[in-house]
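Spelled out, the chains give:
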Amino acid sequence: MNKCSKIFCFFLVSFFLISSLNKLCFAEKFKGVIAKDYQHSKEWWPQTVPTSPKNAPNVVIILLDDVGFAQVGSFGGLIETPNMNKLANNGLRYTNFHTAALCSPSRAAIMAGRNPHSIGLGSHSLTAMGFPGYNAIVPDSAKSVAKIMQQHGYVNYALGKWDHTPLYEVSQVGPFNRWPSGEGFQHYYGFMAADADQYRTVMWQDHSPIQPWIGKKDYHNSTDLVDKAISYVTGHVSIAPNRPFMVFLAPGAMHSPHQAPQAYIDKYKGKFDKGWDVARKQIFEKQKSMGFFKKDIDLSKRIPEIPAWDSLKPDEKKLYARQMEVFAAQLDHLDNEVKRLVDTLKRVGVFDNTLIMISSDNGASGEGGLAGTFNETYVLNGLQTPFEANMRHYDGWGGPDTYPHYHAGWAMAGNTPFKYFKQAVHRGGQADLLIVHWPKGIKGKGELRNQYHHITDIAPTLLDILNLKVPESIDGHKQQPMDGVSMHYSFNDPDAPNVKKVQYYEMFGNRALWADGWKAVTLHGNRMPWQLNVTADFNKDKWELYHVAEDPTETNNLAEKFPEKLAELKKSWDEQAKKYNVYPLYDDMIQRVAKQQTRMFGDRTTFVYYYPGAVSIAEKASPPVKGRSHTITTTIDLSGKEEGVIVALGGFTGGYSMFIKNHRLHYDYNFLDGVHYQLKSPPLPKGKTELKFKFIHKGNFAGIGELYVNGKKVDTVDMPRTHQSTYSLSEPFDLGRDNGTQVSRLYKGFYPFTGSLDKVIFEVAPILTEKEKEQARQSGRDIEQVD
């Protein structure tokens with residue numbers, strides 16, 4: 001290229017750059033007048049706030065967690081929920097509303113308006129796989145309804161649970177495009193995990209970690225979230241009364257841990273001694289009296305996995321009734337918090353033009369299994385809690401020393417009249433309450449709506465009300481159409497025919513397809529939600545067929561009577577599966593969770609963390625030490641006065657902590673039911689000292705723990721059982737302190753390190769192929785050696 005050509009190219013590129021900058025910097029042409037003096041000039045100001053649709057309503061979406069179809073009073077429930085009932089009695093109840101049968105997929109879908117698999121959330125973000133339907137990476141082509149509303153003048157506030165962001169992205173460095181801020185919410189206050197301790201919640205405010213419970217004796221997260229929602233609303237209407245807002249409130253209730261103030265627990269003492277079988281019958285009769293079901297509709301039978309209440313021993317009845325008392329107390333308490341938010345909307349004069357929607361993310365959860373559990377971590381590691389272990393926690397059930405979940409029998413009752421639970425795509429897992437209240441936009445009061453709808457329909461409904469469309473592009477990314485349909489047509493027309501024609505479902509291999517009142521469904525491998533380690537042949541699954549338009553409780557299996565109809569629906573499911581990225585199917589939950597860290601870190605074996613910034617890091621973004629030999633090492637210039645946590649991960653439900661107390665180095669591994677593997681050094685020397693913990697994996701998550709000071713072994717302990725999957729869903733990895741609840745009973749509070757801490761180094765044994773393992777065995781080497 002000659003010199004003239006180079007100069008020409010330079011000016012050409014410069015021209016396009018300057019043109020682009022002009023478009024960015026001067027997006028709107030000045031419309032005033034500029035003269036040489038001010039008197040002959042005319043001011044003009046560009047619009048900095050987007051124009052909102054005329055008469056745009058405020059929006060409040062309350063997405064409950066693990067609340068079944070029949071647990072709120074206005075849907076037949078036996079728990080006192082007068083405030084949600086009042087909204088239902090002055091609004092609408094949708095009796096044919098469905099979700100994705102699990103939290104992450106439903107929470108992504110409600111905002112995106114797209115089917116879960118089409119946006120990478122075919123399952124929980126913790127069980128992500130490297131395929132388009134399961135990678136937990138919502139594409140930029142599927143931005144949320146909040147993002148669209150934000151572009152039209154809405155100020156959006158998200159509060160509470162936000163668990164569909166991959167946990168390896170949950171840290172101070174993000175990336176943040178899959179956080180609420182990247183999805184159109186100007187403010188966020190909540191926890192980015194599947195659940196949270198209600199008394200000591202590890203939270204985020206926008207992009208910063210916080211622990212708002214510190215110093216508050218009577219703290220409860222449901223109250224805290226509503227306090228913040230009230231602050232947002234009152235601040236908003238004070239500062240920008242003409243701008244609409246959306247509040248997305250997603251409390252941790254009623255996901256495990258079931259924790260409630262003692263006064264509420266006492267209120268329900270003895271209320272559930274009747275048991276789940278009697279409760280189901282009472283709920284179903286109440287639902288019929290409300291007009292939910294015709295008189296000739298049958299209650300689904302108790303599944304054989306759940307024992308009859310009358311077959312239980314007295315101590316079992318005592319414990320399981322207590323479990324339900326605590327659950328009821330927490331939902332009752334949450335209902336009172338809903339009242340406080342509603343009262344605020346009335347107080348500031350925006351109630352009548354606020355659209356309130358209340359639903360849940362899936363059916364009631366049977367993940368507590370056949371004894372319930374005082375510590376949910378059992379279930380997360382594929383274990384069932386021994387009855388005797390639960391009974392030891394009877395008196396404190398629901399208090400700060402438990403992380404409990406109720407017996408699956410109560411989840412069955414909470415899903416009355418349907419069968420199965422969360423994760424299943426029979427109606428027990430995916431039929432949910434939906435309350436819609438909007439005085440200015442809905443004429444009817446206390447009416448039922450029976451049209452078939454899905455959680456993907458919420459976002460299109462909001463756009464329809466606002467007369468907005470999905471833009472062709474957002475932030476330069478072309479947008480894919482929403483898969484849901486608007487429900488707005490049904491607000492004031494109870495007899496309007498269904499607009500939705502078909503809806504597929506898939507969750508951990510459970511599959512279903514609804515089409516024009518018919519439903520084909522299979523429970524993969526007959527797996528129950530407490531059986532995380534069960535795998536089965538998908539080709540051997542038995543499909544069922546129901547005419548749910550006439551048999552809403554799925555009690556009359558027509559598969560043998562109408563094999564052609566079943567074949568037609570199964571073929572349609574396969575077509576939908578291909579269209580929406582449902583394939584491939586994979587059912588090993590333990591492996592899917594375990595592989596998350598492997599995928600994130602690859603063959604990396606060294607991890608260096610520096611004090612003081614390495615705090616509030618999600619477990620899945622911490623060093624992958626489970627089932628692998630590893631060392632934890634730090635060097636400290638000791639004065640003899642230091643104490644506190646060097647590094648910790650987890651909390652009172654499980655985890656590990658390395659700390660100095662009384663001039664000695666400690667390592668405490670907290671397993672389940674009070675099992676602690678502890679090591680302790682002799683008194684530490686002064687001066688520069690190397691401190692090390694070493695775990696030697698012997699296979700099957702068992703091994704030996706060793707403690708070293710300046711290269712000398714000072715203590716050892718057998719560790720016959722360690723965690724396979726998860727220490728905690730919400731407790732973080734921290735350097736220099738133990739945030740949240742405490743791993744060890746040997747100290748109280750965060751126990752911050754008082755000395756000079758520089759860094760902590762983790763060395764983790766490499767993951768070897770089977771061929772490499774065999775070569776190591778033949779050479780006599782430890783296949784998981786780490787120095």
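Please refer to the structure placed before this passage.
All of these numbers come straight from a predicted model, not from anything done at the bench.

## Some details on the packing of aromatic side chains
Per the counting criterion, the structure on display carries 44 aromatic pairs. Aromatic pair tyrosine 747 and tyrosine 751: ring centres 4.9 Å apart, planes at 10 degrees, arrangement stacked. Comparing tyrosine 747 with tyrosine 751 shows no difference in burial state: the two are buried. Feature note: the residues Tyr609, Tyr656, Tyr667, Tyr669, Tyr677, Phe693, Tyr727, Phe733 and Phe762 constitute an aromatic cluster, connected by ring pairs. One Lys or Arg, lysine 318, reaches over the ring of tyrosine 394 and ends 4.7 Å from the middle of that ring. The lysine or arginine in question, arginine 322, covers the ring of tyrosine 394, its NZ or CZ lying 5.5 Å from the ring centre.

## A closer look at the nonpolar core
Counting residues in each nonpolar core, the largest one holds 130 residues, and the members touching the most others are Trp410, Phe421, Ile646, Tyr656 and Phe762. For this core, the element with the most residues is helix α8 (residues 314–347), which contributes 14 residues. Ile61, Leu63, Leu434 and Leu463 belong to the second-largest nonpolar core, a separate cluster that totals 50 residues.

## Quick notes on the sheet that holds strand β30 (residues 759–764)
Strands belonging to one sheet form pairs held by backbone hydrogen bonds; the direction of such a pair is parallel or antiparallel. Sheet architecture is open: six strands sit in the order β20-β30-β21-β26-β27-β28, paired in antiparallel fashion. Strand pairing shows two members of the sheet lacking a second neighbour, β20 (606–610) and β28 (712–719), which therefore form its edges. When the angles between neighbouring strand axes are averaged without regard to direction, this sheet yields 15 degrees.

## Some details on the pattern of salt bridges
The tally for this structure, following the rule as stated, stands at 25 salt bridges. Salt-bridge contacts for aspartate 227 lead to arginine 340; the nearest nitrogen and oxygen are separated by 2.8 Å. Highlighted residues: aspartate 227 in helix α5 (residues 221–239) and arginine 340 in helix α8, separated in sequence by 113 residues. By relative accessible area, which is 38% here, aspartate 227 ends up partly exposed. Judged by its relative accessible area of 26%, arginine 340 falls in the partly exposed class. Two residues, glutamate 568 and lysine 565, come together in a salt bridge whose shortest N-O distance is 3.5 Å. Here glutamate 568 pairs with lysine 565, and both are found in helix α14 (residues 563–579), just three residues apart, close to one helical turn. Given the relative accessible area of 45%, glutamate 568 is considered partly exposed.

## Some points on the side chain of threonine 377
Mapped onto the elements of the fold, threonine 377 is located in helix α9 (residues 377–380). A residue is classified by how much of its surface remains accessible, and threonine 377, at 3% relative accessible area, is buried. Each residue touching threonine 377, except ones within four places of it in the same chain, is listed here: Thr653, Leu672, His723, Thr726 and Tyr727.

## With respect to the sheet that holds strand β13 (residues 453–454)
Read across the sheet, three strands follow the order β10-β3-β13 without closing on themselves; strand pairing throughout is mixed. In this open sheet, the two edge strands, each paired with only one partner strand, are β10 (431–432) and β13.

## Brief notes about the environment of lysine 271
Structurally, the position occupied by lysine 271 is in the loop between α6 (262–267) and α7 (276–289). The class of lysine 271 is partly exposed, set by a relative accessible area of 40%. The sequence separation of lysine 271 and alanine 250 amounts to 21 residues, and the corresponding C-alpha distance is 28 Å. Residues within four places of lysine 271 in sequence aside, it is in contact with Glu80 and Glu325. In terms of polar contacts, lysine 271 uses its side chain to reach the backbone carbonyl oxygen of lysine 267, at 3.4 Å.

Parameters and conventions
- Residues numbered from 1 in each chain as written.
- Predicted model: local features only at pLDDT ≥ 70, side-chain atom pairs only at ≥ 80, totals over all residues.
- Heavy atoms only, no water.
- Phe/Tyr/Trp six-rings, centres within 6.5 Å; stacked < 30°, edge-to-face > 60°.
- Buried < 20%, exposed > 50% of the residue type's maximum accessible area, 1.4 Å probe, protein only.
- Lys NZ or Arg CZ within 6 Å of the ring centre and 35° of its normal.
- Core = buried A, V, L, I, M, F, W, Y, C linked by side-chain atoms within 4.5 Å.
- Helix = DSSP H or I, 4+ residues; strand = E, 2+ residues; numbered from the N terminus.
- Pairing = 2+ DSSP bridges.
- Axes fitted to C-alpha atoms, helices over the stretch in contact; angles between N-to-C directions.
- Salt bridge = Lys/Arg side-chain N within 4 Å of Asp/Glu carboxyl O.
- Contact = heavy atoms within 4.5 Å.
- Polar contact = N/O pair within 3.5 Å; in protein donor to acceptor, adjacent residues only side chain to side chain.

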